[in-house]
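Understanding the architecture of this molecule
Residue-level listing of the chains:
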Amino acid sequence: MKYYSLNNPESKDAANTSFREAVINGLAPDRGLYFPEKITPLDKDFIEHLELYENDEIAFRVIQQFVGGEIPDDELRKIVSETLSFDFPLNKVEEDVYALELYHGPTMAFKDVGARFMARCLGYFNKDKDQETVRVLVATSGDTGGAVASGFLGVEGVEVIILYPSGKVSDIQEKQLTTLGQNITALEVDGVFDDCQDMVKTAFLDPELNACNLTSANSINVARWLPQMFYFFIAARELKKQGKEPVFAVPSGNFGNICAGIMAYRLGLPIKHFVAATNINRTVPDFMNSGKYEPRPSKATISNAMDVGNPSNFIRIQTLFENDFDLLKAMFTSESYTDEETRTAMKAIYDRSEYIADPHGAVGYLGLKDYQKNVPGTTGVFLETAHPVKFLDTVEETLNTKITIPEQIVSIIDKQKKSVLISNYDQLKTFLLKDSH
Ligand SMILES: *Cc1c(COP(=O)(O)O)cnc(C)c1O
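Quick look at the structure, then. Predicted model, so just to flag it, every value in this text is computed and none were measured. (Residues numbered from 1 in each chain as written. Predicted model: local features only at pLDDT ≥ 70, side-chain atom pairs only at ≥ 80, totals over all residues. Heavy atoms only, no water.)

Across its full length, the protein chain carries 19 helices and 14 strands. Relative to the compact-globule value of 22 Å for 437 residues, the protein chain shows a C-alpha radius of gyration of 21 Å, a close match. The dimensions of the protein chain, computed from C-alpha atoms along their principal axes, are 65 × 55 × 40 Å. Looking at the protein chain residue by residue over its 437 residues, the buried ones come to 56%. Taking as baseline every contact in the protein chain between residues at least 6 positions apart, the subset at least 24 positions apart corresponds to 75%. As presented, the protein chain carries roughly 18200 Å² of accessible surface, and 46% of it is formed by carbon and sulfur atoms. Computed over 44 positive and 62 negative side-chain charges, the inter-centroid distance for the protein chain is 1 Å. (Helix = DSSP H or I, 4+ residues; strand = E, 2+ residues; numbered from the N terminus. Rg over C-alpha atoms; globule rule 2.2 N^0.38 Å. Buried < 20%, exposed > 50% of the residue type's maximum accessible area, 1.4 Å probe, protein only. Contact = heavy atoms within 4.5 Å. Areas by Shrake-Rupley, 256 points an atom, 1.4 Å probe, with all protein chains shown as cover. Lys, Arg positive; Asp, Glu negative; His and termini not counted. Charge placed at Lys NZ, Arg CZ, Asp CG, Glu CD.)

Shown next as structure tokens:
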């Protein structure tokens, strides 16, 4: 399998980037997103008998063509099985409404899946001792950093450097970033998330840092994006046992998660419709109404992991629908919700079903319910992308209740925080240069 850059769609016929290079580069040299040159639907017999297969076997078959033999099958099976070492329960919340809980991994966010898979792929590509250490540099506003840190912990030949804005992440998130040690370093930046992001971007473009082998682990990396297909298959398999074909409602920010769902559909997974639910950062809902794509600065909301004004993966979604607006519209709907609507939904779900949804999941729920109003009789799944404990204050205040702190979180609360304070790019550069000699 070869990949090409979506900044240059004409290069598709001459696609020449291997999976390995795509994973290590993150972005193509022309700053475009990588996309597979070809998508081959899975064997019909396999899809028709999906209920006979376990998670690991499904995941292996789903990802195999995208790895293209660059990781031996037995090794890939091992990677897939370590990636999926926790559960993906489908929880019935109401008649025909299910929550797909993606938060039972080590950092309690769905990003664990992509981060664990990517870490293991990089570890494999870097396994030979003569390879130089790869440095993963990542800026985080909260969830990404924790998932990446946990996913890469102890992977040989890989060092992880996380930049986070001092005082701007929750206590739990900070503990997840700063208490692991080993090959993980947390740089605490005197600034906001955008400052962290800018420093990372500057570092990637700095020729003096070429020798540092920097790579990125954000959601545009194919090794973080593609494994997210796994749980769409897992959920669809469960509903197939009841003879149902799901509508998926996905709370969306950078649109990587829903884009993986659409890729699963392209592989032949029977899915009735996709709903991309957003907060007030409504670039895509507006595009679906007007046909005009107008990125804008992001606005802060209670579902802050989706505060994205220019979703990077939307170009991949358009590509998956052959850049045809009518094809896209037939299968894909996008709606935007305010914080007030989100809180009302959280309360309604709790009152009706005693189910606690986090703000992101609640946005997904709203998108699903609106779709089902228009298309009655459908079975819907909304993705619960983070454990409610990760948004403790908002959830407890909105529902007027206390949340039980899960084991994953209890175990880090008393650990000692370790971070390196920096306040400008030169300090980051000095750190990287010192570290690589
Ligand atoms: C990252 C994140 C999202 C958004 O996912 P995208 O793939 O960027 O659309 C939604 N919910 C939570 C909790 C997240 O951490």
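This next bit is on the sheet that holds strand β3 (residues 34–36). Within the open sheet, the three strands sit side by side as β2-β1-β3. Their pairing is antiparallel. Either end of the sheet is taken by a strand with one partner, and the two such strands are β2 (17–18) and β3. Sheet topology note: the strand β1 (residues 2–5)/β2 ladder contains two bridges and is antiparallel. Paired with lysine 2 across the bridge in β2 is serine 18. (Pairing = 2+ DSSP bridges.)

Attention shifts here to the pattern of salt bridges. Summed over all chains, the structure comprises 22 salt bridges. Its salt-bridge partner being lysine 240, residue glutamate 51 comes within 2.6 Å of it at the nearest N-O pair. Taken together, the residues span a long stretch of sequence, with glutamate 51 in the loop between α2 (44–48) and α3 (55–67) and lysine 240 in helix α10 (residues 229–240) at a distance of 189 residues. For lysine 240, a relative accessible area of 29% translates into the label partly exposed. Where glutamate 94 meets lysine 369, a salt bridge forms, and the shortest distance between an N and an O atom there is 2.5 Å. Of the two residues, glutamate 94 is situated in strand β4 (residues 90–94) and lysine 369 in helix α16 (residues 359–374); the sequence distance between them amounts to 275 residues. (Salt bridge = Lys/Arg side-chain N within 4 Å of Asp/Glu carboxyl O.)

A few words now on the site of the ligand. Close contacts around the ligand come from 15 residues, with Lys111, Gly253, Asn254, Phe255 and Thr385 the closest. A distance of 2.8 Å separates an oxygen atom of the ligand from a polar atom in the backbone of glycine 253. Between the ligand and glycine 256, the relevant distance is 3.2 Å, taken from an oxygen atom to a main-chain nitrogen or oxygen of the residue. Protein coverage of the free-state accessible area of the ligand, which is 380 Å², stands at 96%. In terms of residue class, the shell around the ligand is built from six nonpolar, seven polar and two charged. (Near = heavy atom within 4 Å. Polar contact = N/O pair within 3.5 Å; in protein donor to acceptor, adjacent residues only side chain to side chain. Nonpolar A, V, L, I, M, F, W, Y, C, P; charged D, E, K, R; others polar.)

This brings us to the environment of phenylalanine 321. Structurally, the position occupied by phenylalanine 321 is in the loop between α13 (314–320) and α14 (325–331). Here the alpha-carbon distance between phenylalanine 321 and isoleucine 262, two residues 59 residues apart in the chain, equals 9.0 Å. With near-sequence residues (within four places) excluded, phenylalanine 321 lies in contact with Ile262, Tyr265, Leu327, Leu328 and Met331.

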